[in-house]
Amino acid sequence: MFQFTTLSEESTKQLAERIGQLLQANDVLTLDGDLGAGKTTFTKGLASGLDVKRTVNSPTFTIVKQYRGRLPLFHMDVYRLEDSEEDIGFDDYFDSEGVTVIEWSRFIEEFLPSERLRIYIEKTGDDKRLITLTPYGSRFERLCEEIKS
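Residues numbered from 1 in each chain as written. Predicted model: local features only at pLDDT ≥ 70, side-chain atom pairs only at ≥ 80, totals over all residues. Heavy atoms only, no water.

This next bit is on the overall build of the protein. From N to C terminus, the protein includes 4 helices and 7 strands. Tracing the protein from N to C terminus, the helices and strands come up as β-α-β-α-β-β-α-β-β-β-α. Considering the protein as a whole, with its 149 residues, one finds that 50% of them fall into the buried category. Restricting the contact set of the protein to residue pairs at least 6 apart, pairs at least 24 apart contribute 62%. Carbon and sulfur atoms make up 43% of the accessible area of the protein, which totals about 7,600 Å². (Helix = DSSP H or I, 4+ residues; strand = E, 2+ residues; numbered from the N terminus. Buried < 20%, exposed > 50% of the residue type's maximum accessible area, 1.4 Å probe, protein only. Contact = heavy atoms within 4.5 Å. Areas by Shrake-Rupley, 256 points an atom, 1.4 Å probe, with all protein chains shown as cover.)

Shown next, in the form of structure tokens:
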């Protein structure tokens, strides 16, 4: 487990951008935290690190949005799938040549790949965030070590 404290929206985006620069095809990141914790802000930083030029916003009503960059970015918000058994073809995204970021991932836990990076954002002040990265698999352990250094 790796923890980072950010003191502003901009520093949260900068941490996420650094992570985005290190991502590779087929990487899956889960992004959880309370409403207003900064999940979409974090995703905007990831997108920047992937050289996405379009404006990133929450896919709440569409469940999945796709963006073009150095790698395709699949941004999912699965909040509406709470208490649902529905599989919307998650493996098609996870096994693509892109990066998948899933907000509210706890609602689809049974569909998640075993190797992934879990990101939990906790609001600890007006602009202050505690961001916890939990790597599942050696690829993400190496990625977290690189971010830490």
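Moving on to the nonpolar core. If you look at the biggest cluster of nonpolar residues, it comprises 30 residues, and the most contacted ones within it are Ile19, Leu29, Phe42, Ile119 and Leu133. Mapped by element, the contributors of at least two residues to this core are strand 1 (2–6), helix 1 (9–22), strand 2 (28–32), helix 2 (39–49), strand 5 (99–103), strand 6 (116–123), strand 7 (129–136) and helix 4 (138–148). If we ignore the near neighbours within four places in the chain, the residues touching leucine 29 are Ile19, Leu23, Leu46, Val99, Thr100, Val101, Ile102, Leu117 and Ile119. (Core = buried A, V, L, I, M, F, W, Y, C linked by side-chain atoms within 4.5 Å.)

With that out of the way, let us pick up the sheet that holds strand 1. Strand order in this open sheet of 7 strands is 1-7-6-2-5-4-3, and the pairing throughout is mixed. Strand pairing shows two members of the sheet lacking a second neighbour, strand 1 and strand 3 (64–67), which therefore form its edges. When the angles between neighbouring strand axes are averaged without regard to direction, this sheet yields 20 degrees. The pairing of strand 3 with strand 4 (residues 73–77) spans 4 bridges and is antiparallel. Along strand 4, the bridge assignment pairs glutamine 66 with phenylalanine 74. (Pairing = 2+ DSSP bridges. Axes fitted to C-alpha atoms, helices over the stretch in contact; angles between N-to-C directions.)

The next subject is the pattern of salt bridges. Inspection of the entire model under this criterion finds 4 salt bridges. Arginine 139 is the partner of aspartate 27 in a salt bridge, and the nearest nitrogen-oxygen pair spans 2.6 Å. Remark: arginine 139 occurs in helix 4 and aspartate 27 occurs in the loop between helix 1 and strand 2; sequence separation between them is 112 residues. Pair check on accessibility: aspartate 27 and arginine 139 agree, each one buried. (Salt bridge = Lys/Arg side-chain N within 4 Å of Asp/Glu carboxyl O.)

Take isoleucine 108: it is sitting in the loop between strand 5 and strand 6. Spatially, the C-alpha atom of isoleucine 108 lies 7.5 Å from that of valine 78, the residues being 30 residues apart in sequence.

Residues Phe2, Phe4 and Thr6 point to one face of strand 1 and are all buried, whereas Gln3 and Thr5, pointing to the other face, are not buried. Where strand 1 meets strand 7, 5 bridges bridge the pair, whose relative direction is antiparallel. The residue of strand 7 that forms the bridge with phenylalanine 4 is isoleucine 131.

What follows concerns the environment of glutamate 17. When you line up the elements, glutamate 17 lands in helix 1. Separated by 29 residues in sequence, glutamate 17 and leucine 46 have C-alpha atoms that sit 4.6 Å apart. Discounting chain neighbours no more than four positions away, the residues touching glutamate 17 are Gly45, Leu46, Ser48 and Gly49.

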